[in-house]
Amino acid sequence: MRRAFLLPFLSLALAQVGLVDGPRPPTEVRGTLQGDARQGYRVVVEFLVDGGGNPVQGSMAQGLYWNGTFLLWLSGWESFRLSGYTPGAPYDRAAFDVYDSQNRLRGRAGVTTAYDASNRPSYHRVEYAVWPLQGQRVWMPSPDNPVPMEAGGWLSVTPPGGSARERYRYPGMESYRPPSVQGSILSGLSPADRDVAAKVLLSSLSDLRAFYARQPRGSALWFFVPEVSVWTQTLAQEFGSRNGGQARFVVPENTARTYCSLYRNDSRFHVMPRDTLPKEQSFAVIYPPSGATQKGAVMAGRHLVDRPDWQETDYVSFTTALSPTQDGLPEAQAYVWGYISQANLRARVRFKDWVLSSGYNRYTSGQTGTPWDGLVQRGGRGL
């Protein structure tokens, strides 16, 4: 029996995902995220279409001692090999027949050896054209690729062979704003006189760190937010690193119910007496320690929950509890790190194992591959 855990806060889609809210189902149109927060995100969009007589074409770089085989997704993953290719040999626009795993001729490929500055062989450039089997559906790229992402994660894209553009949304990017709309956090307001205090905009991670460092050492930071997102956790961790103080989270009742299994005994989490809270009404209060002469401060705005498009926020590093997908699973947690835009998030996962003599009392560790999709599979005890 296989057991699965889901990361509850990982809302940003990774790598290749089905696009939603468009005229085609997510199983027939997909996108791959590219770019970064500073320059703006772009998406490489592909459509599942009838292959007919059109080949699937592409290129790749392979090492000098590549064995001449490669995998290609048509209606599923298929293995192909170059007939007559010899590993380690130099080639200059050499052409080879391409056969599938059933030894059927499926296409042609060209190989050219690239050389470094010292005129030594460096790697092979491989270009291929592979024909689908009769009646097979294949993934074809949009002629608009890469497609710029609009506010809210929307995309306007032309299907292959089509003329009219179709509208889709990249899931998990509902809060995205293009770089021209910078995200800011309002700060520098005293809770006692926020109506007359000067307002300061924090427009970069360095601004935020400097702001935290200026607050009285050992202050308490209270977040009043609709949810504790990955970005909210990042803000709290930065506060602990720069100020040395503790962070607390106050969430609405509806959110608290979903967090109950994860944070029931976590003293950092508290409940506000209301069902929901709009992101735009989020705020955080920095309370100085007892005896401090400096006033506290207030931060406000949706970017206490949504990640702002600051250049430095593309990298994430945080630890979180994992949410079990079925009853009876052991406790687990993950340390997650990597760059979102490069789809290379990784996670080091720890499970709380059962020991007969003393119950749940130790963790075992494992590490996921890259990119991580927030899902961990684990075999059960004796199952």
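No experiment lies behind these values; they were computed from the predicted model shown.

## Focus on the overall build of the protein chain
- Across its full length, the protein chain carries three helices and 27 strands.
- A sequence separation of at least 24 residues applies to 56% of the contacts in the protein chain between residues at least 6 apart.
- Surface summary for the protein chain: the accessible area is close to 19600 Å², and the carbon and sulfur share equals 49%.

## A closer look at the sheet that holds strand β7 (residues 77-83)
- With antiparallel pairing, the six strands of this open sheet are ordered in space as β5-β10-β9-β8-β7-β6. One side of each edge strand has no neighbouring strand; the edge strands of this open sheet are β5 (56-62) and β6 (69-73). Neighbour-to-neighbour, the strand axes of this sheet turn through a mean angle of 30 degrees, independent of strand direction.
- Pairing analysis gives four bridges linking β7 to strand β8 (residues 94-100), with the strands arranged antiparallel. Paired with Ser83 across the two strands is Asp97, which belongs to β8.

## Side note on the packing of aromatic side chains
- Applying the stated criterion to the full structure yields 14 aromatic pairs.
- When the centroid spacing of 5.6 Å and the interplanar angle of 20 degrees are considered together, the rings of Phe223 and Phe249 count as stacked. Of this pair, Phe223 sits in strand β17 (residues 220-224) while Phe249 sits in strand β18 (residues 246-251), and the two are 26 residues apart along the sequence. As far as burial versus exposure is concerned, Phe223 and Phe249 are alike and both buried.
- What links up through ring pairs into an aromatic cluster is the set Trp66, Tyr85, Tyr91 and Phe96.

## With respect to the pattern of salt bridges
- Applying the stated criterion across every chain yields a total of 16 salt bridges.
- The partner of Glu150 in a salt bridge is Arg167, and the shortest N-O contact between them spans 2.6 Å. Of this pair, Glu150 sits in the loop between β12 (147-148) and β13 (154-157) while Arg167 sits in strand β14 (residues 166-169), and the two are 17 residues apart along the sequence.
- Several salt bridges converge on common partners, so that one network encompasses Glu78, Asp100, Arg104 and Arg106.

## Focus: helix α2 (residues 230-243)
- Helix length check: α2 (14 residues) gives 20 Å between terminal C-alpha atoms against 20 Å at 1.5 Å per residue, within 8%.
- Those residues of α2 that sit buried are Val230, Trp231, Thr232, Gln233, Thr234, Leu235, Ala236, Glu238, Phe239 and Asn243.
- Looking at the residues trailing α2, positive phi occurs at Gly244, about 85 degrees.

## Notes on unusual backbone geometry
- Following Asn145, the chain continues to Pro146 via a peptide bond in cis, the omega torsion being -10 degrees.
- With respect to the helices and strands, the residue Pro146 is situated in the loop between β11 (137-141) and β12.
- Backbone geometry places Asn119, a non-glycine residue, at a positive phi of 65 degrees.
- Relative to the assigned elements, Asn119 resides in the loop between β9 (105-115) and β10 (121-130).
- Judged by its relative accessible area of 58%, Asn119 is exposed.

## Examining the packing of helix α1 (residues 205-214) against α2
- One way to put it is that α1 packs onto α2 with a least axis distance of 8 Å and a crossing angle of 50 degrees. Considered as vectors, α1 and α2 are oriented oblique to each other. Here α1 runs over α2; the crossing is right-handed. The segment α1 lies against α2, with Leu205, Leu208, Arg209, Tyr212 and Ala213 engaging Trp231, Leu235, Glu238, Phe239, Arg242 and Asn243.
- Looking at the contact of α1 with α2, its residues break down into seven nonpolar, one polar and three charged.

## A closer look at the environment of Asp144
- Locating Asp144 in the fold gives a position in the loop between β11 and β12.
- The class for Asp144 is partly exposed, based on a relative accessible area of 22%.
- Considered as a pair, Asp144 and Thr158 are 14 residues apart in the sequence and their alpha carbons are 6.3 Å apart.
- Not counting the four nearest positions on each side in its chain, Asp144 is found in contact with Ser156, Val157, Thr158 and Arg165.
- Of the polar contacts made by the side chain of Asp144, one reaches the backbone nitrogen of Thr158; its length is 2.6 Å.

About the criteria used
- Residues numbered from 1 in each chain as written.
- Predicted model: local features only at pLDDT ≥ 70, side-chain atom pairs only at ≥ 80, totals over all residues.
- Heavy atoms only, no water.
- Helix = DSSP H or I, 4+ residues; strand = E, 2+ residues; numbered from the N terminus.
- Contact = heavy atoms within 4.5 Å.
- Areas by Shrake-Rupley, 256 points an atom, 1.4 Å probe, with all protein chains shown as cover.
- Pairing = 2+ DSSP bridges.
- Axes fitted to C-alpha atoms, helices over the stretch in contact; angles between N-to-C directions.
- Phe/Tyr/Trp six-rings, centres within 6.5 Å; stacked < 30°, edge-to-face > 60°.
- Buried < 20%, exposed > 50% of the residue type's maximum accessible area, 1.4 Å probe, protein only.
- Salt bridge = Lys/Arg side-chain N within 4 Å of Asp/Glu carboxyl O.
- Expected span 1.5 Å × (residues − 1).
- Parallel < 35°, antiparallel > 145°, perpendicular 65-115°, else oblique.
- Left-handed = near helix turned anticlockwise from the far one by under 90°.
- Nonpolar A, V, L, I, M, F, W, Y, C, P; charged D, E, K, R; others polar.
- Polar contact = N/O pair within 3.5 Å; in protein donor to acceptor, adjacent residues only side chain to side chain.

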